[in-house]
Amino acid sequence: MSESKRRGFFSRLGAFLDGLRRWTINVFFVFFIVMLGFSIYSAFRVDVPKGGALVLAPQGLVVEQYTAVDALTQISGSGLPQETLLRDLIDTVDYARDDSSIQSMLLLLDDLQHIGLARALELSEALRRFRESGKQIVAMAGHYDQDKYLLATEADQILLHNMGGVSLEGFAVVRNYLREAIEKLQINFHVFKVGSYKSALEPLLRDNMSAEAREANRGWLEPLWDLYRDRVVARRNITVKDFNYYVNHIDRVLAGSGGDAAQAALDYGLVDGIVSRPRLSEMMAEQVGWDEDGYFNQVYYKHYLRFKRGLVMPDNKAGVGLIVASGNIVDGEQPAGSIGGDSLARLVRSARLDDSVKALVLRIDSGGGSAFASEVIRAELEALQQAGKPLVVSMSSMAASGGYWIAAGADEIWASPATLTGSIGIFGAFPTFEDLLKRLGVYTDGLGTTAVAGKLRIDRPLDPILARSIQSSIENGYQRFITVVAQGRGKLPEQVKPLAEGRVWSGMDAHELGLVDRLGSLDQAIASAAELAGLSDDSHRLLRLPLSPEEELMRWLLSSQQASSVLPEFLLPLIRQWLPVVQALPALDDPRGIYAYCPVCVAP
C-alpha cells in the first residue's frame, strides 16, 4: 500500500471516529434536554382532583432553611439530610385553604422526625385556618410522639394504627458530664466565662448539673410544658388530671388496657379511632371518592405546592425583604445551614443598597456561636437601619446568645411563645495536654524573646499572664454584649444585667421582660415590617446570596429527593443531644476564642 493510500485510510478513519464522537455527544445532549424538558413539564402538570384531599406528609426535620450539601452527596444520597421547609408546609396549607378543588386534608405524620414546639405552633396556626374555613383534617400515624401529636391535635379526627400508641413524656434537659473522664485522661480545661447561668461548659467541669443551671432550665422547661399541655387539653376536651395521669403513670395506664398502647390512647381521649391503612383509605374515599387507579382522590403536597407556585410569578420588586439566618454563627463565608459572619453581612448589605427593598425581616433560628461574627452581622444590620430601612426580627425555635446579639437592635422583635432566647453571656475555653503527654513520655521545651512567646500551646501549661488576658477579653466581650442589648432595647445596662448572666428565657417570659416586643408568627412580623415602612402591600421576597447556574440546576432537579432515615428510634435522643455540639465544632473559630453560644438551647 502506498504512503498516500495509507494516509487516506487513516484520514477517513479519523474523520469517522470524530464524527462518531460528535454524534454521541449530540445524542447525550438531546437526551438531557428532553429529560430536562420532561422534568419541567412534570413539575407544572399536576392533576388536582375536584373535591379531592391534600396529603400533607412532612418528612425528616422541619427546618427554616435547607442544609447545604455538595452535588456529589445529593446525587449519591449518602449523608443527605432529610428536611422539610416550614415555609413550604405553611404555604401549602394556605393555598389549599383557598382552593375550591381541595375538600379535605390527610395529615400523615409517620415520616416526621422533629419539628420543635415553636415551629409546630406556627404550622398549627395554618392548620387551624384551614379547619376554620370549613374543610376537614384527618390525622394519621403509626405512632405519635410529642411533636407529631401536637400537630395532630389540630385535626378534626385523630386516627392511630392498631399497633401504635401516643408517647408523651414532657420536656427535659439531660446531658452527659465528663469531668472525671477528662481528669483520668489528664486533660486540663482552662475555662473563662461571665454569667452565673452560662452553663455551656458545665459538662466538662462537673459531674452533675449545678443549682444555677437547674434553676435556669426549670425556668423555661416548665412554662413550655404548660403551654403544650394546655393546647392538647383544650383541643381534645380532656381534663388536666387525666392528661397528667396518662403521662406520669403510663405504667398503670398500659396495665389497665392489657398493654395495648393504642387502646389506652383511645380510652383517654387522645385519639378518635384505631384503624388499619386499608381502612384509612376507605374512610378517605367515603369523603372524596376513588380515582381510576384505585386510590382515594388525592394530591401530594409537594406536587401541589410546585404547581401552585408555578402559577404565580415571583414578585422581585416586593418591598419587604426576608433573610433566613439558620444554624451556628461562624466567622467568614458559610453555606446555607450555617450563619457566616461575612456571608450574612454581605447579604444584609445588598438589601441596604437595593432601593426596591424598603424594609427587612430577619428570621433567626440560632443558638449563637462566634462573638466576632455576631458583631460583624450586627454592625451591618445597624447600617441598614441608619439608611432608613426598618429592621424586624422574627425568632423561630431559638435566637439565643449570639442569635440574640444580632437581634437586639431591631426596630421590632417578634417571637413564638415557645422560642428560646436570651442567654446573654460569653465564654471561652482552652485545653492543654501537658500532663497527658508527660505520662506518654513527651515533653515540651524552648525559649522565646518575650514573656508570652510560645506560651499559648496545647502542649504547655497555660501561662498566668495569658490566662488573665483571656479573662479580661471575656469580661470586655460580656460588657459589649450588655451594651448592645441595652442600646437596642432602650434600657440601662443596670436593667439588662439581671436578665443576662447567660440565662435562657422562653418567648413568653422574654416578652414580659422586654427582650421581645411582640409574640406572633413570621407572617405577622412581615406585615409589621411593611407597616413600619409605610407600605400598603405586605408582599415579600426571599433574599439569598446568588448560586451558580450549576448549583441552581442541581437544587431544582434534586429538591424533592430525600434520603430515607435508617437510624433506629432509640438513637434519636442521643443524636439530638450531641448533634448541636458536634455541628458547633466548626463554629469554634472565633479569632479571639470568644463565644456567645447556647448549647442547651435545643428547642423541645
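About the criteria used
Residues numbered from 1 in each chain as written. Predicted model: local features only at pLDDT ≥ 70, side-chain atom pairs only at ≥ 80, totals over all residues. Heavy atoms only, no water. Helix = DSSP H or I, 4+ residues; strand = E, 2+ residues; numbered from the N terminus. Buried < 20%, exposed > 50% of the residue type's maximum accessible area, 1.4 Å probe, protein only. Contact = heavy atoms within 4.5 Å. Areas by Shrake-Rupley, 256 points an atom, 1.4 Å probe, with all protein chains shown as cover. pLDDT = per-residue confidence, 0-100. Pairing = 2+ DSSP bridges. Axes fitted to C-alpha atoms, helices over the stretch in contact; angles between N-to-C directions. Parallel < 35°, antiparallel > 145°, perpendicular 65-115°, else oblique. Left-handed = near helix turned anticlockwise from the far one by under 90°. Expected span 1.5 Å × (residues − 1). Phe/Tyr/Trp six-rings, centres within 6.5 Å; stacked < 30°, edge-to-face > 60°. Nonpolar A, V, L, I, M, F, W, Y, C, P; charged D, E, K, R; others polar.

(A) Spatial organisation of the overall build of the chain. Counting secondary structure elements, the chain contains 23 helices and 23 strands. Within the span of the chain, comprising 604 residues, buried residues form 47% of the whole. Considering only residue pairs separated by 6 or more positions, the chain has 75% of its internal contacts joining residues 24 or more positions apart. When the accessible surface of the chain is summed, it comes to about 29400 Å², and 56% of that surface belongs to carbon and sulfur atoms.

(B) Just the confidence of the model for the chain, in detail. Across the chain, the average pLDDT comes to 86, with 80% of residues at or above 70. Note that residues 574-579 has pLDDT below 50 and, in this model, 10 contacts with residues that lie over four places away or in other chains. A low-confidence stretch, residues 581-587 (pLDDT under 50), is modelled with 10 contacts involving residues beyond four sequence positions or located in other chains.

(C) View of the sheet that holds strand β9 (residues 273-274). Read across the open sheet, the six strands follow the order β9-β7-β6-β4-β1-β10; overall the sheet is parallel. In this open sheet, the two strands that pair with only one neighbour each are β9 and β10 (298-300). Contacts between helix α3 (residues 86-97) and the sheet are confined to β1 (52-56) and β4 (102-108), with β1 contributing the most and set at about 170° to the helix. Helix α12 (residues 277-288) rests against β1, β4, β6 (136-141) and β7 (157-160) of the sheet, and its axis sits at about 165° to β4.

(D) Local environment of unusual backbone geometry. One non-glycine residue, Q186, adopts positive backbone phi at about 60°. Structurally, Q186 is set in the loop between α6 (179-184) and β8 (188-194). Of note in this structure, S401 is not a glycine but carries a positive phi near 55°. Here S401 lies in the loop between β16 (391-400) and α16 (402-407). For S401, a relative accessible area of 0% gives the class buried.

(E) Molecular detail of the packing of helix α8 (residues 211-236) against helix α9 (residues 240-248). As a packed pair, α8 and α9 sit with axes 10 Å apart at the nearest point and diverge in direction by 120°. Classified by the interaxial angle, the pair formed by α8 and α9 is oblique. In the packing of α8 onto α9, the handedness of the crossing is right-handed. Residue-level inspection shows W225, R229, V232 and V233 of α8 in contact with α9, the latter providing V240, F243, N244 and V247.

(F) Structural view of α12. Taking 1.5 Å per residue, 12 residues should reach 16 Å; α12 reaches 16 Å between its end C-alpha atoms and fits that length. Restricting attention to buried positions, one finds in α12 the residues L280, M283, M284, A285 and V288. Backbone geometry just downstream of α12 places G289 in the positive-phi region, at approximately 85°.

(G) Broad picture of the side chain of S326. If you trace the backbone, S326 turns up in strand β11 (residues 320-326). Excluding residues within four positions of it along the chain, S326 makes contact with E64, Q65, G337, S338, I339 and D365.

(H) Structural context of the side chain of S101. Looking at the element boundaries, S101 is found in the loop between α3 and β4. Dropping the residues within four chain positions of it, S101 is found in contact with V48, P49, K50, G51 and G52.

(I) Spatial organisation of the sheet that holds strand β2 (residues 60-63). Spatially, three strands are ordered β3-β2-β5 in an open sheet, and the strand pairing comes out parallel. One side of each edge strand has no neighbouring strand; the edge strands of this open sheet are β3 (83-85) and β5 (112-114). The sheet shows a mean angle of 45° between the axes of neighbouring strands, taken without regard to direction. Here β2 pairs with β3 via three bridges, running parallel. Bridged to V62 within β3 is T84. The sheet strands contacting α3 are β2 and β3, and the helix crosses β3 at an angle near 50°.

(J) Focus on the packing of aromatic side chains. Scanning all chains against the criterion turns up eight aromatic pairs. Judged by centre distance (6.0 Å) and plane angle (80°), the rings of Y144 and Y149 are edge-to-face. Judged by its relative accessible area of 0%, Y144 is buried. Ring centres 5.2 Å apart and planes at 70° place the aromatic pair Y300 and Y301 in the edge-to-face group. On the basis of relative accessible area, Y301 is assigned to the buried category, the value being 1%. Aromatic ring contacts, followed pair by pair, group F171, W225, Y228 and F243 into a single cluster.

(K) Representation of the packing of helix α4 (residues 117-132) against α8. Direction vectors running N to C along α4 and α8 enclose 20°, while the axes themselves pass 12 Å from each other. One way to sum up the angle between α4 and α8 is to call them roughly parallel. Considering only the axes of α4 and α8, their crossing is left-handed. Here L117, L121, S124, E125 and R131 of α4 come into contact with α8, specifically with L224, L227, Y228, R231 and R235. Of the residues assigned to the contact of α4 with α8, the class counts are five nonpolar, one polar and four charged.

(L) Spatial organisation of α3. Between its first and last C-alpha, α3 extends 17 Å over 12 residues, near the 16 Å set by a 1.5 Å rise per residue. Among all positions of α3, only L86, R87, D88, L89, I90, D91, T92, V93, D94 and A96 are buried.

(M) Region of interest: the pairing of β2. As paired elements, β2 and β5 share two bridges and run parallel to each other. Among the inter-strand pairings, L61 is bridged to a residue of β5, identified as H114.

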